[in-house]
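A structural walkthrough
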Amino acid sequence: MAKKEETPNMVEQFAEFKELKNIDKTTMISVLEESFRNVLAKMFGTDENLDVILNPDKGDVQIFQNLKVVADGDVTDPNLQISLSDARADNDPEAEVGEEHTKEIFFEKFGRRAILTLRQTLQSKILDLQKEAVYAKFKELEGELVSGEVYQTWSRETLLLDDEKNELLLPKSESIPGDFFRKGETVRAVIANVDNKNNNPKITVSRTNNEFLRRLFELEVPEIHDGLISIRAIARIPGERAKIAVESYDDRIDPVGACVGVKGSRIHGIVHELRNENIDVINYTSNPSLFIQRALSPAKITSIRIDEEEKKAEVILRPEEVSLAIGKNGLNIKLASMLTGYVIDVYRDTEETIEEDIYLDEFKDEIDEWVIEALKNIGCLTAKNVLNAPREMLINEADLEEDTVDNVINILRAEFEE
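First, a word on scope: everything that follows refers to the structure included in this document. (Residues numbered from 1 in each chain as written. Predicted model: local features only at pLDDT ≥ 70, side-chain atom pairs only at ≥ 80, totals over all residues. Heavy atoms only, no water.)

**Some words on the overall build of the chain**
We count it as follows: Helix numbers and strand numbers start at the N terminus; a helix is a DSSP run of H or I with at least 4 residues, a strand a run of E with at least 2. In this description the radius of gyration comes from C-alpha coordinates, and the expected globular size is given by 2.2 Å times residues to the power 0.38. Classification of residues uses two cut-offs on accessible area relative to the type maximum, computed with a 1.4 Å probe and protein chains only: under 20% is buried, over 50% is exposed, and between them is partly exposed. Residue contacts are counted whenever heavy atoms from the two residues lie within 4.5 Å of one another. Per-residue accessibility takes into account occlusion by the displayed protein chains alone, with areas from the Shrake-Rupley method and a 1.4 Å probe. Lys and Arg are tallied as positive, Asp and Glu as negative. Neither His nor the chain termini are counted. Charge positions come from single atoms, namely NZ of Lys, CZ of Arg, CG of Asp or CD of Glu.
Scanning the chain for helices and strands turns up 16 helices and 15 strands. Whereas a compact globule of 418 residues would reach a radius of gyration of roughly 22 Å, the chain reaches 37 Å, over 25% beyond that. Taking the principal axes of the C-alpha coordinates as reference, the chain spans close to 125 × 50 × 35 Å. For the chain, buried positions account for 45% of its 418 residues. Restricting the contact set of the chain to residue pairs at least 6 apart, pairs at least 24 apart contribute 58%. Of the roughly 23,600 Å² that the chain leaves accessible, carbon and sulfur atoms contribute 44%. Distance between charge centres in the chain, computed from 52 positive and 84 negative side chains, equals 8 Å.

In structure tokens form, the structure reads like this:
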């Protein structure tokens with residue numbers, strides 16, 4: 001119960017907490033002082049005339065009470081006043097009435113109950129600080145990748161513990177279908193939401209969030225991490241299939257090839273992490289017609305009509321391409337819509353439609369193949385696609401000379417005039 005034993009122990013306990021939770025020294029001193037003052041205020045009725053001096057490095061705590069000197073017999077409040085004779089007896093032989101006398105208080109002399117109260121007050125404030133520090137730390141990490149060890153699994157959620165034993169909750173709704181975790185297994189997820197209701201931080205993580213896929217690609221593809229390749233859009237049906245649109249800021253880098261890796265080396269680990277979720281990686285383009293065409297891959301589009309205001313697209317395909325566009329259980333067209341932001345309606349080509357239009361590949365005898373490929377790359381797959389497109393778009397987006405474009409238009413027009 002002696003001061004030299006009890007108080008330094010409490011300081012050491014707080015110093016250990018400071019090291020784990022990154023509490024700065026100023027905050028540590030403030031919490032210690034406030035804890036002492038709270039207990040002293042209850043004991044003396046006020047702490048306004050008390051000085052608490054802390055040296056947390058050594059564990060020293062000194063407490064001084066400032067009292068007004070009054071004549072003997074005139075003391076009405078011993079917590080604020082001291083008699084002249086008592087002041088002179090307390091190492092102040094020159095004390096005079098009306099002056100202030102400083103008296104040192106030895107906390108351990110107030111007994112075990114006071115020390116226990118101080119310890120409980122200190123622990124309570126440390127716990128509050130701990131919760132505030134956890135909330136502040138993880139709030140800044142929303143959307144970031146985190147790993148945790150499975151501690152316990154219930155029917156509706158799984159409890160993970162990170163390296164610092166912080167609790168991370170993975171709800172069933174945020175787990176990938178097929179996820180099955182064993183106690184002690186390490187699980188990766190993104191921090192989806194952090195709230196602090198009633199000063200009780202709750203950290204919710206997710207494996208179905210689009211950001212989870214983004215962070216995995218950043219981890220596996222150095223070019224994305226370094227900013228040379230940008231992920232422009234993501235669409236996921238967790239555990240089933242995903243589409244991701246990427247763009248390179250360096251013409252020398254093939255963004256799709258970089259994301260997939262040699263023989264799929266980079267994407268294989270991501271697919272495995274996502275419980276064999278198939279991932280389509282496509283080149284992003286600001287041309288909505290071409291973007292939708294790429295998003296519907298592997299289907300090949302005959303023609304497309306875009307309503308940019310309504311964000312709708314009517315896609316016409318040959319009968320054998322329709323099932324590819326829609327995909328198993330409608331996943332392909334659903335993901336294409338999610339990725340591009342367009343409502344996509346698919347229509348079968350009728351025989352009349354096929355007769356009315358002609359694929360550009362049919363003109364290889366009259367138009368250079370590289371020119372045809374340039375036009376196909378901007379979404380112009382048929383003759384009427386080209387003829388219905390603005391001339392300026394064909395020049396600028398297909399990167400063709402004006403004479404080349406005019407020559408192509410003349411060849412195609414002649415075909416329909418015949």
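**A word on the packing of helix α10 (residues 319-326) against helix α11 (residues 331-340)**
As a reminder of what qualifies: To get an axis, fit a line to the C-alpha atoms, keeping to the stretch in contact for a helix; angles then go from 0 to 180 degrees between the N-to-C directions. Roughly parallel covers angles under 35 degrees, roughly antiparallel covers those over 145, roughly perpendicular covers 65 to 115, and oblique covers all other angles. By the convention adopted, Pro, Cys, Tyr, Trp, Phe, Met, Ile, Leu, Val and Ala count as nonpolar, Lys, Arg, Asp and Glu as charged, and the other residues, Gly among them, as polar.
Two elements in contact, α10 and α11, have axes separated by 5 Å at closest approach and are oriented at 65°. Taken together, α10 and α11 sit at an angle that is classed as roughly perpendicular. Touching Leu324, Ala325 and Ile326 of α10 are Leu331, Asn332 and Ile333, all from α11. The class makeup of the residues in the contact of α10 with α11 is five nonpolar, one polar and no charged.

**Some remarks on the layout of surface pockets**
Stated formally: Both cavities and pockets are sets of points on a 1 Å grid over the protein atoms alone; in a cavity a 1.4 Å probe fits but cannot get out, in a pocket the set is open with protein on both sides within 12 Å along at least five of seven lines, and lining residues sit with an atom within 4 Å of a point. Grid points are joined across faces, edges and corners, and a volume is the space filled by probe spheres set on the points.
The space that makes up the largest pocket amounts to roughly 530 Å³. Forming the boundary of the largest pocket are 25 residues, of which Ser289, Ile304, Arg305, Asn385 and Asn388 lie nearest the centre. Secondary structure elements with two or more residues in the lining of the largest pocket: α9 (288-295), β13 (303-307), β14 (312-317), α12 (351-356), α14 (383-388) and α15 (391-397). In terms of residue count, β13 provides more of the lining of the largest pocket than any other element does, four residues in total. Across the lining of the largest pocket, the residue classes break down as nine nonpolar, nine polar and seven charged. Size it by volume and the second largest pocket reaches roughly 400 Å³. Forming the walls of the second largest pocket are 18 residues, and the residues nearest its centre are Gln293, Lys300, Ile301, Lys376 and Leu381. Sorting the residues of the lining of the second largest pocket by element identifies α9, α10 and α13 (369-376) as the ones contributing at least two each. Per-element tally for the lining of the second largest pocket: the top contributor is α9, with three residues. Per-class residue counts for the lining of the second largest pocket are seven nonpolar, three polar and eight charged.

**Remarks on the nonpolar core**
In plain terms, the rule: As used in this record, nonpolar core signifies buried Ala, Val, Leu, Ile, Met, Phe, Trp, Tyr and Cys residues forming a set joined through side-chain atoms within 4.5 Å.
Counting residues in hydrophobic clusters, the biggest one holds 25 residues, and the most contacted among them are Ile292, Leu296, Ile301, Val315, Leu317, Leu339 and Ile344. Once you skip the residues sitting within four places of it in the chain, Leu296 turns out to touch Ile301, Val315, Ala325, Asn332, Ile333, Ala336 and Ile344. If you look at the next biggest cluster of nonpolar residues, it comprises 24 residues, including Leu216, Ile234, Ala242 and Ile270.

**Structural notes on the pattern of salt bridges**
Going by this rule: When a carboxyl oxygen of Asp or Glu lies within 4 Å of a side-chain nitrogen of Lys or Arg, that pair is called a salt bridge.
Under the counting rule described, the total for this entry stands at 25 salt bridges. The salt bridge partner of Glu34 is Lys125, with a shortest N-O separation of 3.1 Å. Residue Glu34 is found in helix α2 (residues 25-44), and its partner Lys125 is found in helix α4 (residues 112-139); the two are separated by 91 residues along the sequence. As a salt-bridge pair, Arg215 and Glu211 come within 3.6 Å of each other at their nearest N and O atoms. In this pair, Arg215 and Glu211 are both assigned in helix α5 (residues 210-220), four residues apart and thus about one turn of the helix distant.

**What to know about the sheet that holds β14**
For the record, the criterion: Note on pairing: two strands pair once DSSP finds at least 2 bridges between them.
Strand order in the open sheet made by the three strands is β13-β14-β15, with mixed pairing throughout. Edge positions in the open sheet fall to β13 and β15 (343-348), since each of these has one partner strand only. Each adjacent strand pair in this sheet contributes to an overall mean axis angle of 15°, direction not counted. Strand direction decides the pairing type here: β14 and β15, joined by six bridges, are parallel. Within the sheet, the bridge partner assigned to Ala313 lies in β15 and is Ile344. Packed on one face of the sheet, α10 meets β14 and β15 and runs near 135° to β14.

**Here's the deal with the sheet that holds strand β10 (residues 229-237)**
For sheets, the rule is that strands pair by backbone hydrogen bonds, running either parallel or antiparallel. Pairing is mixed across the open sheet formed by three strands, whose spatial order is β10-β11-β12. The sheet is open, and its two borders are formed by β10 and β12 (278-283), each paired with just one other strand. Averaged over all neighbouring strand pairs, the angle between strand axes comes to 20°, with direction disregarded. Taken together, the eight bridges between β10 and strand β11 (residues 241-248) define a ladder with antiparallel strand orientation. Bridge pairing in β11 places Ile229 opposite Ser248. Sheet strands in contact with α9 are β11 and β12, and its direction is about 155° off that of β12.

**Considerations on α4**
Worth spelling out the cut-off: To estimate how far a helix should reach, multiply one less than its number of residues by 1.5 Å.
Counted at 1.5 Å a residue, the expected span for α4 with its 28 residues is 40 Å, and the 40 Å between its end C-alpha atoms agrees. Residues Ala114, Ile115, Leu118, Arg119, Thr121, Leu122, Lys125, Ile126, Leu129, Val134 and Phe138 constitute the buried set of α4.

**Observations concerning the pairing of strand β5 (residues 145-153)**
One ladder, built from five bridges, connects β5 with strand β8 (residues 186-195); its direction is antiparallel. Within β8, the residue paired with Val146 across the bridge is Ala189. Across four bridges, the pairing between β5 and strand β6 (residues 157-161) is antiparallel. In the strand pairing of β6, Gln152 is matched with Leu159.

**A word on the packing of aromatic side chains**
Rules: Aromatic rings from Phe, Tyr and Trp, with only the six-membered ring used for Trp, were paired whenever their centres fell within 6.5 Å, and each pair was classed as stacked if the ring planes differed by under 30 degrees, edge-to-face if by over 60, and tilted otherwise. Note on criteria: charge over ring means Lys NZ or Arg CZ within 6 Å of the ring centre, with the direction from the centre no more than 35 degrees off the ring normal.
Following the criterion strictly, the structure yields one aromatic pair and no others. Between the NZ or CZ atom of Lys183 and the centre of the ring of Tyr151, over which it lies, the distance is 4.3 Å. We note Arg232 situated over the ring of Tyr284; from NZ or CZ to the ring centre the distance is 4.3 Å.

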